[in-house]
Amino acid sequence: MPLKGPFRTSFGTQTVRTLLLLRAVTDSGEGWGECVAMVDPVYSPEYTEGCADVLRRFLVPALDGEVDAISVAPRLAKFRGHRMAKGALEMAVLDAELRAAGRSFARELGATRDSVPCGVSVGIMNSIPELLDAVGGYVDEGYVRIKLKIEPGWDLEPVRAVRERFGDVLLQVDANTAYTLADARHLAKLDPFELLLIEQPLDEEEILAHAELAKVVRTPICLDESITSARSAADAITLGACQIVNIKPGRVGGYLEARRIHDVCAAHGIAVWCGGMLETGLGRAANVALAALPGCTLPGDTSASDRYYSLDVTEPFVLEDGHLRVPTGPGLGVVPIQEVLDEVTVKTEWIPL
């Protein structure tokens, strides 16, 4: 699916989203899962074709016989890694199970709100005037928080320009692992801009380095790529490596593990928010449900459908006074529009059990 415009981060530029959607057909109904892996293994080790391969050869066959959502992760545990593929499969099974039972994703996860505040992620631009125009458009649309992607050479001046132009707008930055601990003093120069957080400034494996960075910078450190499970979240918190956690369900193996991370963080007084991976309306519906949990106290990257797509595969999510409504229908509460799905589908494959 083509994006409305290029989306540039420190690890590259996306112009198209290659989708891997799963449709689970069971005796009691069907459900949908969305795999958030990118085409290339640059954000994480997973990539779209690799996810399709491991699903086909290992993960789906491992669910032979009767299966419910809560048993998916244990039955797949013998296969190392591949969390995005596993998360998509669990999502499809969970959606089918909830649709059949007439329960919503939000109810199942423990949501406490019927709408969630929305932030927007702004990619690296070619110039500061271009950035200011983009941010101005999002502020005018009603987004309540702006996140700027940064990298060495594109950090202090863009942040300064946005802060000066837009005053007290909620503002944060995301480095996607672009810095090293040697940059600590430089990153501390972001402190005067009163940012909500600096997201994943260092390599995902450098938990102790993040703890050291937190001693130098005043702005709260938020971990993203480093958090792959409730256990890794607990370790990072104990070591003082983060004050905030970004939960991306695909990155951690699914929405049930995402809820566990939420609960661990809540027990330690750590704020969480729901990140995004350019999901379609299917993944967006599940993310909005997660973002409605009580511990999600910061606006997430659950932007409206038209932030990325001119035409979504579901009915679009529309911003209402800076918020998105949490679907209340069975399962995800949304289904693909068949005509759109047909238009964007280039290959289908059935894997019978």
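To keep things clear, this report deals only with the structure shown in the data block. This one's a predicted model, so the numbers in the text were calculated from it and none came from an experiment.

## Brief notes about the pattern of salt bridges
Turning to step 1, where the next piece is worked out: A complete count under the given rule lists 20 salt bridges for this structure.
Turning to step 2, where the next piece is worked out: A salt bridge links R23 to E30; the nearest nitrogen and oxygen atoms lie 2.7 Å apart.
Turning to step 3, where the next piece is worked out: Residue E30 is classed as partly exposed on the basis of its relative accessible area of 29%.
Turning to step 4, where the next piece is worked out: For the salt bridge of E349 with R56, the shortest nitrogen-to-oxygen distance reads 2.8 Å. Of the two residues, E349 sits in the segment after α13 (338–344) while R56 sits in helix α1 (residues 48–59), which places them 293 residues apart along the sequence.
Turning to step 5, where the next piece is worked out: E349 sits in the partly exposed class, given a relative accessible area of 42%.
Turning to step 6, where the next piece is worked out: The exposure class of R56 is partly exposed, given its relative accessible area of 30%.
Turning to step 7, where the next piece is worked out: Several salt bridges converge on common partners, so that one network encompasses R145, K147, K149, D174, E199 and D301.

## Here we look at empty space enclosed by the protein
Turning to step 1, where the next piece is worked out: Counted under the stated rule, the structure contains three cavities of 30 Å³ or more.
Turning to step 2, where the next piece is worked out: In this structure, the largest cavity occupies an estimated 190 Å³ of space.
Turning to step 3, where the next piece is worked out: Elements that contribute at least two residues to the lining of the largest cavity include exactly β1 (2–9) and β7 (145–149).
Turning to step 4, where the next piece is worked out: The residue inventory of the lining of the largest cavity, partitioned by class, reads eight nonpolar, five polar and five charged.
Turning to step 5, where the next piece is worked out: Empty space within the second largest cavity amounts to approximately 90 Å³.

## A word on the pairing of strand β2 (residues 12–16)
Turning to step 1, where the next piece is worked out: When β1 meets β2, the two strands line up antiparallel, connected through four bridges. When the sheet's bridge partners are listed, F7 is paired in β2 with Q14.

## A closer look at the packing of helix α9 (residues 230–239) against helix α11 (residues 255–267)
Turning to step 1, where the next piece is worked out: Running from N to C, α9 and α11 point in directions that differ by 25 degrees, and their axes come no closer than 8 Å. Relative to α11, the element α9 is oriented roughly parallel. Regarding α9 and α11, the two cross each other, and that crossing is right-handed. Judged by residue contacts, A230, A233, A234 and I237 of α9 engage E257, R260, I261, V264 and C265 from α11.
Turning to step 2, where the next piece is worked out: Grouping the constituent residues of the contact of α9 with α11 by class yields seven nonpolar, no polar and two charged.

## Some remarks on a negative patch on the surface
Turning to step 1, where the next piece is worked out: Taken together, D203, E204, E205 and E206 make up a surface patch of like negative charges.
Turning to step 2, where the next piece is worked out: Counting through the fold element by element, E204 comes out in the loop between β9 (198–199) and α8 (207–216).
Turning to step 3, where the next piece is worked out: Residue class for E204 comes out partly exposed when judged on its relative accessible area of 30%.

Thresholds applied
- Residues numbered from 1 in each chain as written.
- Predicted model: local features only at pLDDT ≥ 70, side-chain atom pairs only at ≥ 80, totals over all residues.
- Heavy atoms only, no water.
- Salt bridge = Lys/Arg side-chain N within 4 Å of Asp/Glu carboxyl O.
- Buried < 20%, exposed > 50% of the residue type's maximum accessible area, 1.4 Å probe, protein only.
- Helix = DSSP H or I, 4+ residues; strand = E, 2+ residues; numbered from the N terminus.
- 1 Å grid on protein atoms, 1.4 Å probe; cavity = no way out; pocket = protein on both sides within 12 Å on 5 of 7 lines; lining within 4 Å.
- Points joined across faces, edges and corners; volume = space filled by probe spheres on them.
- Nonpolar A, V, L, I, M, F, W, Y, C, P; charged D, E, K, R; others polar.
- Pairing = 2+ DSSP bridges.
- Axes fitted to C-alpha atoms, helices over the stretch in contact; angles between N-to-C directions.
- Parallel < 35°, antiparallel > 145°, perpendicular 65-115°, else oblique.
- Left-handed = near helix turned anticlockwise from the far one by under 90°.
- Contact = heavy atoms within 4.5 Å.
- Patch = residues over 30% accessible without salt bridge, like charges linked within 9 Å, V, L, I, M, F, W, Y side chains within 5 Å.
- Areas by Shrake-Rupley, 256 points an atom, 1.4 Å probe, with all protein chains shown as cover.
- Lys, Arg positive; Asp, Glu negative; His and termini not counted.
- Charge placed at Lys NZ, Arg CZ, Asp CG, Glu CD.

In short, shape yes, function no, at least from these values alone.
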